[in-house]
Every structure is written in structure tokens, then in C-alpha cells.
Amino acid sequence: MNRTTLSLIAGATALAAVTGFASLNAPAATGDSTAGAAVQRPVERSRLLCPQPSTSDIADTAYTSFTPVTQGTSDGGKAELQPATEESADSPSGGKTGKKAPKPVVQPKAPGKPATGDSSGADGPALVGTAEGAFAPGWTVQETTEVAAGTGRGLLGTNCTAPDTEFWFPGASTADSRTDYVHLTNPDDSAAVVDVELYGKDGTLKSTVGDGITVQPHASEPLLLSTLTNGPQTDLTVHVTVRSGRVGAAVQALDDRTGGDWLGASTDPAGSLVLPGIPKDATSVRLVAFAPGDQDADLKVRLASPSGLITPAGNETLHVKSGMTTAIDLGDVTRGEAGSLVLTPTGSTPVPVVAALRVVRGKGDKQESAFIPATAPVAARATVADNSSRGTTLALSAPGRTARVKVTASAGSEGGTPATKTYTIKGGTTQDVDAPAPGGLKGTYALTVESVSGGPVYASRTLASTQEGVPGFTIQTLPDDRGTVAVPDAEQDLSVLLKS
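Keep in mind that this is a model prediction, so the values were computed, not measured.

A. Up close: the sheet that holds strand β27 (residues 354-361). Judged by pairing direction, the sheet is antiparallel, and its four strands sit side by side in the order β25-β21-β27-β28 without closing on themselves. Unpaired on one side and paired on the other, β25 (325-331) and β28 (368-373) mark the two borders of the sheet. Here the strands of the sheet are splayed against their neighbours by 20° on average, with no regard to which way each runs.

In C-alpha cells, the structure reads:
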């Protein structure tokens, strides 16, 4: 690539960072300028990891797998979700002969229809999933756990994630009322070596316990955060980095008073962030942010409400010191309306940050909590599984320009026909939309959100259920599913590539 092209891309990237919600797209190739031409092709293989769901003996966990139908996929393929740890195989004489592949927990039959599985009690293992061929593009798996009583009781949910080498979790805690674990799952045949760093309100928490943690092949390692540091910390940012190999990572946050949920990783550090889908009946919202670089960040705090962007009284801006976790209470910031938090730099020079919200519903001894990490936009397409005819809320936010999106409800896992609706989300607003449901629904279904036109859209889905009068709920964000990848056009003239 020549220097002129690099300069243009660098300038466009800087502009995107300053505006916060700019969408950067490579210019379409025309005439002889085909050096940058590429086509989008469906991915052919996907990997997902689900953490161990619970240590409670009275936990019930459901898994839902779904792959949207994608044009251009190859015929055939398969998807399987099975325990991370291989089982020992017995010989006829009673001895151990080695390892055998465990029975899949979920094994979908075809794209376009959800498949379900379940586990009960404290023996549910971490799961490793692989999808190939037509099952790979946009594959998603939801893990949903109901815990009737005890620490972390309520509804806990998480999207199973792809293995990676770095994760940020603002919003963790080692406060006296909290029991937080970071779960590390290794899907590969060789051991992974992982570092876990903790940052509190005064900076890095000194600890050697979190350095060089070995996660064995096809195994999962839950680490209690309170064992990695001395003394309670109300607000923590957890940074997981992998020295060798790759892992899946998630934080399970359990509270004695307000139940528990999974804290997903924040999107990559950025100058502007969106945290979509705060429930309209939230009684308490706490924002936790962290600036990982060597500069402090000054952020403008706004709420994208159904009527437009508003500034919370008393919390107009947030100063985040470099290397220190900062938190503020926003109270009942939504005041009975749908909302998404929008963070943008106060000046012209953005400083990358990560952030998450801890949301509480209910009052007194009937409180439940969930988390909303900052997330990437839907972009082309995003999907979330395990929806029901009741208790599902889809929030769509367009913090910049007005946007149009198409939402499709899949067939039900046990029957039903797909349905589709198109929505216009006015710029600067968040809408809890009346999402479509399959006709003649039986079982659970998936919702797929696709961008049609306009500015970026950010989305989340809330699942809610009441258990013994406690309003259990969990929130999952909907980043782009990365179901396609840009590949060079095989028909372009290779001599043009050599000249560029």
C-alpha cells in the first residue's frame, strides 16, 4: 500500500475518533483503481466458549444455539456445543484407556431454527462450541441460568464468546457483599498462560497471584477475585491478557443483597462509547469507567432517551484518571423511559476508555442486578437467542444520525414461522421496540437485527422473569456478529496489485 493511501486512511480514522460515531468505510473501487477491491464472504468456521454456569445446587441452566440463514454459504456443515473437559474412557477390564469426546449439550439441525439444551445443579461444566459451513456465519449461543435462592440468586445470562487474547471488565468488585469470579476457558490442545490485572480507585492493585496463570488444554479456571488482592474494593476494572494461546473470559458477579449476573467484556478502548438499553424501571444505575492509557479522559455524559439526548443533572461530565477506576451513581436516570448512556470526549482530543453499567431493579429485599458493558454497533447484523413470548425487551439506540433497521424473529425451537418488522430510530434517541414474534410460536426464538440505512445502531436485549416476587432480569448487548469477512476479489487484475 502506498504512502498516500496510508495517509488518507490515517486521516479518516482520526476524524472517526473525534466525531465519536462516524462510520469509516473504504471507498468503492472504480475504473482502474481496484487495488483495494474486496468482497464479503461468509466465515466458514466459528468458535464459542460458555463459562461454567453456577456453583449453586439449585441452579437450572438453558443453552440456546442459533445461526441466521446467510446467503452464499457452502452446503452442509455442523455445530456442536460440548463440555470443555474430555471424559475418561473405561476399558473392558475396568481400567482407563484415555479420553473420549463428551456428548454434545446442544447440536443444531439446521440454520434458521434455534436448538436448545440444559443442565442442572452445580455440576454444569464450561462448554466449547464449534460451527462449520452453513452453521458458522453469525452463530450465537445464549447461556441463561435461574437461581432460586442464595448469593447471586435471580436470572443470570451471557452470550457465549469467541476466544481472544485480551479482555476489559470495568464493574467488577471485591466488596464485602460481592463474590466475583473471572472465568477463563481454554478451547485448544495446548495450555494457555494468562495474566489478570486489577485496577481500583487508586490505580493498580499489587498482586503476584494473577501473573502467569496456566489454563490447561480443554479446561476452565474460575478465579475468585478477592484472592488476587488484599482488602475490599467497591469498584474494580479487570484486565485479562494472554501471553500464549487464547481463552474465553467472563466475570460472574454475585451479590448477597441484589442477586447476580454475568459481566461481559467492554468493547475495545475508544474515545466515545455507547451503553444501550437501560431498563425504564431501573431504580439504580452505576457507571464504572477506566482509562488504560497514560492520559486522563474527560467525558460528556448524556442519556439517549425516547425524545432525544439529555444531560443527567449533576453528572454532566466525568473525569477519569489514567490507570484508575472511576465510578459515579446516576440513580434512576431513566425516570420511567427507555434510555442508553452515551459517552463522548469533552474536547477535540479523544482518550480511549472502557466502561460498564451496573443496573438495579426493584427495592428493599426484592432487588436484582445486571450489567451493560459498552458495546460495538450492530453494523451489518447481530443476533440474540433465547427469547420468549413474554419478558423480552429489545432496545435500539441511534446516538448519531437517524437509522433504519430490520428485525427478524426466527422460527421457534419447537415450532412457529419467522416474522419481520422494520423500524426507524430517530437520531439521538433510544426506543424499546415492540419486537416481532414468530407466528404460532412454540419454544424459544432468536431476534436478528440488520442495518438498513442511516447512522450506527446500538442494541441490547433484556430477559425478565419474576421468581417469588423478585424481578429477575439479565441484559445482553448485540454487537455485530462478524458473520462475513472481506477477502480479495479473485477476478481482479493482479498486475494492478503489484503496481500499488
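Moving on from the coordinates now.
B. Expanded view of the packing of aromatic side chains. Counted under the stated rule, the structure contains three aromatic pairs. For the pair Phe167 and Phe169, a centre-to-centre distance of 6.3 Å together with 15° between the ring planes defines the contact as stacked. Classification of Phe167 by relative accessible area gives buried; the value is 7%. With a centroid separation of 5.6 Å and an interplanar angle of 35°, the aromatic rings of Trp168 and Phe290 are classed as tilted.

C. Region of interest: the sheet that holds strand β36 (residues 445-454). On the basis of which strands lie adjacent, the open sheet formed by four strands has the order β29-β36-β31-β33 and antiparallel pairing. With partners counted over all chains shown, the strands left at the sheet margins are β29 (381-387) and β33 (419-425), one partner each. Here the strands of the sheet are splayed against their neighbours by 20° on average, with no regard to which way each runs. Direction of pairing for strand β31 (residues 403-409) relative to β36: antiparallel, over a ladder of seven bridges. Its bridge partner being in β36, Thr408 is matched across the sheet by Thr448.

Cut-offs used in this document
- Residues numbered from 1 in each chain as written.
- Predicted model: local features only at pLDDT ≥ 70, side-chain atom pairs only at ≥ 80, totals over all residues.
- Heavy atoms only, no water.
- Pairing = 2+ DSSP bridges.
- Helix = DSSP H or I, 4+ residues; strand = E, 2+ residues; numbered from the N terminus.
- Axes fitted to C-alpha atoms, helices over the stretch in contact; angles between N-to-C directions.
- Phe/Tyr/Trp six-rings, centres within 6.5 Å; stacked < 30°, edge-to-face > 60°.
- Buried < 20%, exposed > 50% of the residue type's maximum accessible area, 1.4 Å probe, protein only.

On their own, these measurements won't tell you what the molecule is for.
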